[in-house]
Amino acid sequence: MKRILRLLLITGILVTAIVILKNNFAYKLTGTSYGMQPIIKEGYIKNLFIGSSMFRQGLDINYMEGNLEGSSYILTYNGNQPVLMLMELEYLLDYGVRIENLYMDLYPYTAAAPPWISDNKILLDTNLAMKIKIWDMISENNTVGIKEFYDFFVSANNDYLLTYPISNTLISNTFYRGGSTLKPEGSTRKELDALQGFGTREGLNEAQVGAIKAVIALAKEKDMNITYIETPKYATMFSDDTYLILKKDMVQLLDSMETSYILAEDIPFDCKEASYFQDLIHLSFDGRQAYTQELVGVLP
């Protein structure tokens, strides 16, 4: 019995040690083409785009690198919300990163959602203090328990770490300075018209609004030029009542903060061209190229 208890104790100590090491130091194993670590290593980015998969799929990093003055980088995580974008910006600044032009993702649905993390890659990309900060945010705004705690601190990204040589190579080959190098094909009008919208929302979330205000205030404090960008959505999304109401609320918020923005309709881009879209909100490779070429010409 004592032998079993000793074995369990040793196993518990080893597991705890591994979890602590993972949460403290796994970010040192992330690649050089994605996430926050490459930005921290560079120390200065002239044009930083922070957003969700819509930025990653919608912005052509190669074209921007060749046609925008200075360095450009796209920092994205799936479902990236304003509360997390604020934390990411603060994280970079805490490491001494200097940013000249800051471009933020303007997506009304995430601004209307309860604070949550959709992409565990951010946990792989940050230190323990940042993870605790994210967990505290989630806990304050949601009902969480042991399962969520385990998923967050113990099991998240284990598949990446266990297959590190292969996983890191795959990720490095599919990203360049945060932008996707994949070339997804577009859809047909029939396919897109069959897709459903994302349902109703009760309005912008208070915590998300507070984060947007904090990002703007921080940008002004650090003398960054800040602009919010709404990437194109397929035509049916632009006729969705919920989307339009939330978008109007977002615009009013930015106006009240005297912050510039570029809406999808401000760019010459055909939102009815099905081949430009993978789905209702993500651009195809052709759409990405067409949109970025127009966007670069109007970026402040």
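Residues numbered from 1 in each chain as written. Predicted model: local features only at pLDDT ≥ 70, side-chain atom pairs only at ≥ 80, totals over all residues. Heavy atoms only, no water.

Peer 1: Quick rundown of the pairing of strand β6 (residues 225–229)? Include the residues and the values.
Peer 2: Counting buried positions along β6 gives 4 out of 5 residues, so the element sits mostly inside the fold. Bridge count between strand β3 (residues 98–105) and β6: 5 bridges; the pairing is parallel. By the bridge assignment, Leu102 is partnered in β6 with Ile226. Two strands pair when backbone bridges link them, and β6 and strand β7 (residues 260–262) are joined in this way by 3 bridges, in the parallel orientation. Opposite Tyr228, over in β7, you have Tyr261 as the bridge partner. For the segment spanning β6, helix α14 (residues 241–256) and β7, crossover handedness is right-handed. (Buried < 20%, exposed > 50% of the residue type's maximum accessible area, 1.4 Å probe, protein only. Helix = DSSP H or I, 4+ residues; strand = E, 2+ residues; numbered from the N terminus. Pairing = 2+ DSSP bridges. Right-handed = clockwise from strand over helix to strand, strands pointing away.)

Peer 1: Can you break down the packing of aromatic side chains residue by residue, with the values?
Peer 2: Taken as a whole and judged by the stated rule, the model has 19 aromatic pairs. Between Tyr107 and Tyr109 the ring centres are 5.9 Å apart and the planes differ by 55°, which places this aromatic pair in the tilted class. Across the pair, exposure class does not vary: Tyr107 and Tyr109 are buried alike. Ring-pair connections join several aromatic residues into one group, and the members of that group are Tyr107, Tyr109, Phe198, Phe238 and Tyr243. (Phe/Tyr/Trp six-rings, centres within 6.5 Å; stacked < 30°, edge-to-face > 60°.)

Peer 1: Before we move on, can you summarise the nonpolar core with the specific residues and values?
Peer 2: Counting 52 residues, the largest nonpolar core has Leu48, Leu89, Leu102, Ile134 and Tyr228 as the members making the most contacts within it. Excluding residues within four positions of it along the chain, Leu48 makes contact with Ile39, Tyr73, Leu75, Leu92, Ile99, Asn101, Leu102 and Tyr103. Membership of the second largest hydrophobic core comes to 33 residues, among which are Leu59, Tyr107, Ala112 and Val296. (Core = buried A, V, L, I, M, F, W, Y, C linked by side-chain atoms within 4.5 Å. Contact = heavy atoms within 4.5 Å.)

Peer 1: Any chance you could break down the pattern of salt bridges for me, citing the residues and the numbers?
Peer 2: Using the criterion set out here, one finds 8 salt bridges in the structure. For the salt bridge of Arg177 with Glu42, the shortest nitrogen-to-oxygen distance reads 2.8 Å. Of this pair, Arg177 sits in the loop between β4 (175–176) and β5 (179–180) while Glu42 sits in helix α2 (residues 37–42); the two residues are 135 residues apart in sequence, bridging distant segments of the chain. Overall, the relative accessible area of 37% leaves Glu42 in the partly exposed class. With a closest N to O distance of 4.0 Å, Lys121 and Asp119 form a salt bridge. Relative accessible area serves as the criterion here: at 6%, Asp119 is assigned to the buried category. Connected via shared salt-bridge partners are Glu42, Glu65 and Arg177. (Salt bridge = Lys/Arg side-chain N within 4 Å of Asp/Glu carboxyl O.)

Peer 1: Hey, could you go over the environment of Gln293 for me, with residue numbers and the actual values?
Peer 2: Locating Gln293 in the fold gives a position in helix α15 (residues 285–296). Placed 203 residues apart in sequence, Gln293 and Glu90 show a C-alpha to C-alpha distance of 30 Å.

Peer 1: Summarise α15; cite the residues concerned and give the values.
Peer 2: Helical geometry note: an α-helix holds 3.6 residues per turn, so side chains three or four residues apart project in the same direction. Relative to the 16 Å expected for 12 residues at 1.5 Å per residue, α15 spans 16 Å between its end C-alpha atoms, a close match to the ideal helical length. Looking at α15, one finds that the buried residues are Phe285, Gly287, Arg288, Tyr291, Thr292, Leu295 and Val296. End-on, the buried residues of α15 take up no more than an arc of 145°, which puts them together on one face. Where α15 is buried, its residues contact α3 (53–58), α4 (61–67), β5, β6 and β7. (Expected span 1.5 Å × (residues − 1). Arc of directions from axis to C-beta.)

Peer 1: For unusual backbone geometry, give the residues involved together with the corresponding values.
Peer 2: The phi torsion at Asn157 lies on the positive side, around 70°, for a residue other than glycine. Note on placement: Asn157 falls in the loop between α9 (146–155) and α10 (158–162). The phi torsion at Glu258 lies on the positive side, around 55°, for a residue other than glycine. With respect to the secondary-structure elements, Glu258 resides in the loop between α14 and β7.

Peer 1: Describe α14, and please don't skip the residues or the numbers.
Peer 2: For α14, with 16 residues, the first-to-last C-alpha span of 23 Å sits near the 22 Å given by 1.5 Å per residue. Taken as a whole, α14 has its buried residues at Thr242, Tyr243, Leu246, Lys247, Met250, Val251, Leu253 and Leu254. Viewed along the axis of α14, the buried residues span an arc of 165°, placing them on a single side of the element. Exposed side of α14, more than 90 degrees from the buried face: Asp241, Ile245, Lys248 and Ser256 are the residues found there. Contact partners of the buried residues in α14: α6 (108–111), α13 (206–221), β6 and β7. Positive phi shows up at Glu258, right after α14, with a value of about 55°.

Peer 1: Please set out the sheet that holds β6 residue by residue, giving values where relevant.
Peer 2: Across the sheet, which stays open at both edges, the 5 strands sit in the order β2-β1-β3-β6-β7 with parallel pairing between neighbours. Both edges of this open sheet fall to β2 (72–76) and β7, since each of them pairs with a single strand only. The average undirected angle you get between the axes of adjacent strands in this sheet is 25°. (Axes fitted to C-alpha atoms, helices over the stretch in contact; angles between N-to-C directions.)

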